[in-house]
Amino acid sequence: MASITFKHVKKVYPGNVTVVPDLNLEIQDKEFVILVGPSGCGKSTTLRMIAGLEDISDGELYIGDRVVNDVAPKDRDIAMVFQNYALYPHMTVYKNIAFGLGLKKVPKDEIDRKVHEAAKALDLEHLLNRKPKALSGGQRQRVALGRAMVRNPAVFLLDEPLSNLDAKLRTAMRSEISRLHKRLQTTFVYVTHDQTEAMTMGDRIVVMKDGIIQQNDTPQNLYDFPCNLFVAGFIGSPQMNFIDAVIRKQGSDYIAEFCGSSTNLKANPALDKYVGKTVVLGIRPEDVVAGESDGIAAKIDIAELMGAEINLYLDCQGVKLIARTASTFKGREGDTAKFTLKTEKIHLFDKETELAICH
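First, a word on scope: everything that follows refers to the structure included in this document. Along each chain, residues carry numbers from 1 onward, in the same order as the chain's sequence is written. Note on the predicted model: pLDDT of at least 70 is required for a residue's local features to be given, and 80 or more for side-chain atom pairs to be given and counted; whole-chain, interface and lining totals, by contrast, use all residues. The side-chain quantities take in all heavy atoms of the structure and omit both hydrogens and water.

On to the sheet that holds strand E1 (residues 4-13). Read across the sheet, four strands follow the order E2-E1-E4-E5 without closing on themselves; strand pairing throughout is antiparallel. Each edge of the open sheet carries a strand with a single partner, namely strand E2 (17-27) and strand E5 (66-67). Paired strands are those between which DSSP finds at least two bridges. Secondary structure elements follow DSSP: runs of H or I no shorter than four residues count as helices, runs of E no shorter than two count as strands, and numbering proceeds from the N terminus. Bridge analysis of E1 against strand E4 (residues 58-63) gives five bridges, and the strand direction is antiparallel. Looking at E4, one finds that Lys10 is bridged to Asp58.

The subject of this paragraph is unusual backbone geometry. Cis geometry marks the peptide bond from Ser237 to Pro238, where omega comes out at -5 degrees. You can see Pro238 is positioned in the loop between helix H8 (229-234) and strand E11 (241-250). The backbone of Asn16 sits at a positive phi, close to 60 degrees, despite the residue not being glycine. Checked against the element boundaries, Asn16 lands in the loop between E1 and E2. The phi torsion at Asp123 lies on the positive side, around 55 degrees, for a residue other than glycine. Its location among the elements puts Asp123 in the loop between helix H3 (108-121) and helix H4 (137-149).

Rendered as structure tokens:
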């Protein structure tokens, strides 16, 4: 098994296009780390540098205690699972899973044992004689996982492996990959643009933007204590509401004014230098409490029934807000609703730097 360490790693493409300017990151042995961010943020490039599929322009990459900058992909003791499965269409499931072991001249009886062990773990035993075209998307992805498993690599690399699956299958495969990690006790590095996958699967999430790590933390800390506006808006679905608000002080109390009304804030000395200034107030939809009798008035533009919950799209004097409330809420589209914000759940961000002021 192995840790992975990036030390001032830089990736520049021809034409002087810098994708990763200066990456410093440590992934512990047996950890499940998710690289997440929008398209073009450098997450797949980072994964491909670990795999050896992209050269490193500068800096050092370690797998375990070994610098692997110039080590060929086949000698890095890694296995990679791609979003398009990358299976051989002319080979059976058995031969696809066994392919890498055959190249390594592993004895036939050992190959057979490993293939059947992986097939049993992934519920593929009844499919071993089929070819990929006769399989569903989820089955093909399990075959790709099985092919990686039998090699017993030090590091598993997964590049958006669920993006080609439908929503129901993605949910099932998320659980399957999480169970696989616990069973194998191997280092997993997983790339996705889907923050739901990131929040539900990883021990730690690395949020990237423009090749730069914005925040590197546990899923819960990312959700509760985002370090800047980008992370706050990227993590969470529906995303966090952002409102321009002016900070006021009344005696020892702090308040935020917006929509011609105000809401109380937790006392925090960091707010002193923002009194009289505009900041960005962030509040998650589940922390906007609709149906209050003495709250702030807003018009319901859309009431989106989600089963046990309703997402209310509100218009408060031109300010757009989303509130998540129970399906028992009686308000409908076109109605005026009153809402309040949970004081202890308010996030404040500097309007210029976009960094968090307080949570």
